[in-house]
Amino acid sequence: MDIQGKVFIVTGGASGLGEGTARMLAQAGGKVVIADMQADKGEAIAREIGGSFVKCDVSQEADGQAVVAKAVSQGKLMGLVNCAGIAPAEKTVGKNGAHNLALYTKTIMVNLVGSFNMIRLSAEAMAKNDPEPTGERGCMISTASVAAYDGQIGQAAYSASKGGVVGMTLPIARDLARNGIRNMTIAPGIFGTPMLFGMPKEVQDALAASVPFPSRLGTPQDYAKLAKHIFENDMLNGEVIRLDGAIRLAPR
C-alpha cells in the first residue's frame, strides 16, 4: 500500500502510540482522522499534522460511524489503527473484596469491543473501495499487549481484553480476505506512554532495565515504524507481532 494520499483512522490518536502513528502517517503523506475522547489534545494534534479530529468513544456504534463517515468524506479510507484503550489494575480478590465487575466490563468494552466496533465499521467502508493494483482495499492494525500472554498480578481485566484482540486477529483476516482487506495486531511490551509516565521515575527505570535488549522503554516512534511496515508489506496478514525487546513479564 502506498500511504501517500490515502485516508487513515487512528483511534487514541491524541496521545501515546496513537499520536506517534498519526504523526508518522501524516509525514508519509496520508490524511489522518484522529478519534479520541481527549478533544483539546486531539484537535490540537489534528491541526498540527493537517488532519481531522472526531470525539469518539470507540465502544459506541454511533461514535464509530461518525468517525468512518468523516474519513470516507476525505477520500479513500485504506487504514485503521486501533490504539484507544485503558489499563486498570485490580486483583480478582483484593483488600476491598472481589474485583469490581463494572471495571472489568468497561475494560472489555473499550479495549476489545471498541477495537472490533471500529474494525467492522471501517471494513464495511473499505470493502466498497476500488482495489489497489495488488487487489488490496484496506488494512487494519489493532493493539494488543504482551499482557495477553504474560498477564501480571492485577491484570485480569486488561489481559482478558488484550487476549481477545489477539484471538480475533486471524478469524477477522480470514473473514475479510475475499474483500482484499488485511487485519493485523501489534502486541507492545513496556512502552513510554502517558499511562507509564504516571508511575514514579524509579519504577520506570526498573521497567526499562528489565527489557533484555534494547534495555529501554519502547517509544511511540517504534510502534509507528512497525505500523508503517505493516501497511506497506501486503504479505503481512492475520498475524500478531510482539514488539517487546524480548521481554517476558514476571508475575509482578
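Going by the structure above, here's the rest.
On a predicted model such as this, the values are computed, not experimentally measured, just so you know.

### Looking at the nonpolar core
Turning to step 1, where the next piece is worked out: Counting 32 residues, the largest nonpolar core has I9, V33, V67, L77, L80, M118 and M140 as the members making the most contacts within it.
Turning to step 2, where the next piece is worked out: If you list the elements that add at least two residues to this core, you get β1 (7-11), β2 (31-36), α3 (61-73), β4 (77-82), α4 (101-126), α6 (156-176) and β8 (181-188).
Turning to step 3, where the next piece is worked out: In contact with L80, other than residues within four places in its own chain, are I9, T11, M118, I119, S122, M126, C139, M140, I141 and F231.

### Some points on the packing of aromatic side chains
Turning to step 1, where the next piece is worked out: Within the structure shown, the criterion is met by one aromatic pair.
Turning to step 2, where the next piece is worked out: Ring centres of F8 and F231 lie 5.1 Å apart, and the angle between their planes is 65 degrees; this geometry places the pair in the edge-to-face category. Taken together, the positions of F8 in strand β1 and F231 in helix α9 (residues 220-232) put the pair 223 residues apart, joining distant regions of the chain. Exposure class is identical for F8 and F231. Each is buried.

### Some details on unusual backbone geometry
Turning to step 1, where the next piece is worked out: At the junction of F213 and P214, the peptide bond is cis and its omega measures out at -5 degrees in the coordinates.
Turning to step 2, where the next piece is worked out: Along the chain, P214 falls in the loop between α8 (201-209) and α9.
Turning to step 3, where the next piece is worked out: At A246, a residue that is not glycine, the phi angle is positive and equals roughly 75 degrees.
Turning to step 4, where the next piece is worked out: Counting through the fold element by element, A246 comes out in the segment after β9 (240-243).
Turning to step 5, where the next piece is worked out: Using a relative accessible area of 49% as the deciding quantity, one classes A246 as partly exposed.

### What about the packing of helix α1 (residues 16-27) against helix α2 (residues 39-49)?
For any two helices packed against each other, the geometry comes down to the angle between their axes and how far apart the axes lie.
Turning to step 1, where the next piece is worked out: For the pair α1 and α2, interaxial distance at closest approach is 10 Å and the crossing angle is 20 degrees. Here α1 lies roughly parallel to α2, going by the angle between them. Once α1 is placed against α2, the crossing between them reads as right-handed. Side by side, α1 and α2 meet where E19, A22, R23 and A26 of the first sit next to K41, I45, E48 and I49 of the second.

### A word on the pairing of β2
Turning to step 1, where the next piece is worked out: Across the six residues that make up β2, a large majority, five, are buried.
Turning to step 2, where the next piece is worked out: Inspection of the sheet shows β1 paired to β2 by five bridges, in the parallel sense. By the bridge assignment for β2, V7 is matched with K31.
Turning to step 3, where the next piece is worked out: Handedness of the crossover joining β1 and β2 through α1 is recorded here as right-handed.
Turning to step 4, where the next piece is worked out: Of the strand pairs in this sheet, β2 and strand β3 (residues 52-55) are connected by four bridges, and their pairing is parallel. From the neighbouring strand, V33 faces β3, where its bridge partner is S52.

### Notes on the environment of K55
Turning to step 1, where the next piece is worked out: Residue placement: K55 occurs in strand β3.
Turning to step 2, where the next piece is worked out: On the basis of relative accessible area, K55 is assigned to the exposed category, the value being 52%.
Turning to step 3, where the next piece is worked out: For the pair K55 and G85, spaced 30 residues apart in sequence, the C-alpha separation works out to 14 Å.

### What about the sheet that holds β9?
Turning to step 1, where the next piece is worked out: As summarised here, the arrangement of the seven strands in space is β3-β2-β1-β4-β7-β8-β9, forming an open sheet in which the pairing is parallel. A strand with exactly one partner marks an edge of an open sheet, and here the two such strands are β3 and β9. Each adjacent strand pair in this sheet contributes to an overall mean axis angle of 20 degrees, direction not counted.
Turning to step 2, where the next piece is worked out: Pairing of β4 with strand β7 (residues 138-143) involves four bridges; the strand directions are parallel. Within β7, the position partnered with G79 by the bridge is C139.

Here is what the cut-offs are and how they apply
For every chain, the first residue of its written sequence is number 1, and the numbers climb from 1 along that sequence. Reporting in this predicted model follows two pLDDT cut-offs: at least 70 for local features of residues, and 80 or more for side-chain atom pairs to be given and counted; totals over whole chains, interfaces and linings ignore these cut-offs and use all residues. Note that the side-chain values use all heavy atoms of the structure and ignore hydrogens as well as water. Among the buried residues, those of types Ala, Val, Leu, Ile, Met, Phe, Trp, Tyr and Cys that are joined through side-chain atoms within 4.5 Å form a nonpolar core. Burial classes: relative accessible area under 20% of the type maximum marks a residue as buried, over 50% as exposed, and values in between as partly exposed (1.4 Å probe, protein chains only). Numbering of helices and strands runs from the N terminus; a helix is a DSSP stretch of H or I covering at least four residues, while a strand is a stretch of E covering at least two. Contacts between residues were defined by any pair of non-hydrogen atoms, one from each residue, lying within 4.5 Å. Pairing of aromatic side chains here covers Phe, Tyr and the six-membered ring of Trp, requires ring centres within 6.5 Å, and sorts the geometry by plane angle: under 30 degrees stacked, over 60 edge-to-face, intermediate tilted. Axes here refer to lines fitted to C-alpha atoms; in helices the fit is confined to the stretch in contact. Angles between the N-to-C directions go from 0 to 180 degrees. Should an angle lie under 35 degrees it is considered roughly parallel, over 145 roughly antiparallel, and from 65 to 115 roughly perpendicular; all remaining angles are considered oblique. The sense of a crossing depends on the near helix, which, turned anticlockwise from the far helix by less than a right angle, makes the crossing left-handed and, turned clockwise, makes it right-handed. DSSP bridges decide pairing: two strands pair if at least two such bridges lie between them. Look down the strands so they point away from you; if going from the first strand over the helix to the second traces a clockwise path, that crossover is right-handed.

Scope: geometric values only; no functional claims are made or implied.
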